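Residue-level structural notes
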Amino acid sequence: MKICHLTSVHQVDDTRIFIKECSSLAEFGHEVYLVAPNTVNTRKNNVTIIGIQRENKGRINRIIDTTKKVYEQALLIDADIYHFHDPELIPVGIKLSKKGKKVIYDVHEDVPRDILSKDWIPKIFRKFISFIFEQYEKRVARKFNAIVTATPFINERFKKINTNTYNINNYPLLDELVSVGNLVSTEKEYIGYVGGLSSIRGINEIVEAAQDILCKVAFVGPLDEQLKQKVANSKNVEYFGVLNREEVRDFLAKCSAGLVTFLPEPNHINAQPNKMFEYMSAGIPVISSNFPLWKNIIESNNCGICVDPTNPDEIAEAINWIYNNPDEANNMGKNGRSAVEQKYNWKVEEKKLINLYQKLSQ
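Residues numbered from 1 in each chain as written. Predicted model: local features only at pLDDT ≥ 70, side-chain atom pairs only at ≥ 80, totals over all residues. Heavy atoms only, no water.

Brief notes about a nonpolar patch on the surface
A contiguous nonpolar surface patch, about 650 Å² in accessible area, is contributed by Ile124, Phe125, Phe128, Ile129, Phe131 and Ile132. As for its position among the elements, Phe125 is in helix α5 (residues 123-141). Since its relative accessible area comes to 44%, Phe125 is described here as partly exposed. (Patch = residues over 30% accessible without salt bridge, like charges linked within 9 Å, V, L, I, M, F, W, Y side chains within 5 Å. Areas by Shrake-Rupley, 256 points an atom, 1.4 Å probe, with all protein chains shown as cover. Salt bridge = Lys/Arg side-chain N within 4 Å of Asp/Glu carboxyl O. Helix = DSSP H or I, 4+ residues; strand = E, 2+ residues; numbered from the N terminus. Buried < 20%, exposed > 50% of the residue type's maximum accessible area, 1.4 Å probe, protein only.)

This is the structure in structure tokens:
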């Protein structure tokens, strides 16, 4: 089949969109296109990439301009199935459906809950906007041939709306982030964090916890402007910038544990953060927020420590325990790696994706 994935927000090398979904479909033999912002036309992993420019014209104007460009490219490609990844592309999906195309909406986030934490929306309006968007999303979701969700929680919400809803978890590639060093070394240099760094992801609490630890915390990923000075001037904290996937693998080999202590925002509590499973795949223990879903994953697999993410003392205590108990921490890392090998890996989820496309082709 001729398949076209569409994104107006994500980077061209996005892990879920390109590295996993597009690459898996191409490997299976489909003709795959990816329309993505701010990149050049090229071909990689047997996927044809079409770039569009996302102009900096203010949020609303940028969205209108970019979605128009995505739609124009989508029509030129003339695919059998379109698979879009951003809420702002819902109107594009509807237009393609009206033209008789098969369309999949890939829901990465619980957007109505995510809106409740958006700093750029005045707090007084967030509940109203969240409610309006959820009603809109419910109405349009029925019009698509399939809904793909990134977590079981989101899946339950959409299954009530569209029976052709499939949960395809964002589990890691089995061997992408693991190295021999991760699995055998008990002498690690850092407690690591990989991903976007912002206040609602608990970075302030981690920095505060770092003042009372026996090792160093190292951050990797794009850094919120408001946090730059705080991170740069803090004791026991290092910032490595943005790294590619191979560099992330090498970085995790130097870490004795990985941090994912997001604050209890509505969109976090029932999420399944990629970094939790990526730390597990790298063979290092996880220090995570003590949300019930996360706690169940960590404790049932004995692969880390759960803490109150709003309490820097608890975070510091967990970090120091990892530092003082390298053998036990190493065993936790091995347990996490074993769990990924058995169930939390992309090969398991890839089969669901391939089966969905086979069903839509009939």
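Side note on the environment of Trp321
Along the chain, Trp321 turns up in helix α14 (residues 312-324). With a relative accessible area of 32%, Trp321 lands in the partly exposed category. Sequence separation between Trp321 and Ile305 is 16 residues; the distance between their C-alpha atoms is 9.4 Å.

Things to note about the side chain of Asn320
Inspection of the secondary structure assignment puts Asn320 in helix α14. In this structure the side chain of Asn320 is engaged in a polar contact, spanning 3.1 Å, whose partner is the backbone oxygen of Asp212. Not counting residues within four places of it along the chain, the set of residues in contact with Asn320 comprises Asp212, Ile213 and Leu214. (Polar contact = N/O pair within 3.5 Å; in protein donor to acceptor, adjacent residues only side chain to side chain. Contact = heavy atoms within 4.5 Å.)

Details of the pattern of salt bridges
Under the definition given, this model contains 21 salt bridges. In this structure, the salt-bridge partner of Asp110 is Arg113, at a minimum N-O distance of 2.9 Å. Among the ionic pairs, Glu349 bridges to Lys352, the shortest N-O distance being 2.9 Å. Here the residue Glu349 and the residue Lys352 both occupy positions in helix α16 (residues 346-360), the gap between them amounting to three residues, near one helical turn. Taking the relative accessible area as the measure of exposure, Glu349 reaches 2% and is therefore buried. Three or more residues are tied together by salt bridges with common partners; here these are Asp110, Arg113, Glu134, Glu137 and Arg157.

Regarding helix α15 (residues 326-342)
With 17 residues, α15 should reach 24 Å at 1.5 Å per residue; the first-to-last C-alpha distance of 24 Å fits that figure. Inspection of α15 places Ala329, Asn330, Met332, Gly333, Gly336, Arg337, Ala339 and Val340 among the buried residues, and these make up the whole buried set. (Expected span 1.5 Å × (residues − 1).)

Any functional reading would require information beyond the geometric quantities listed.
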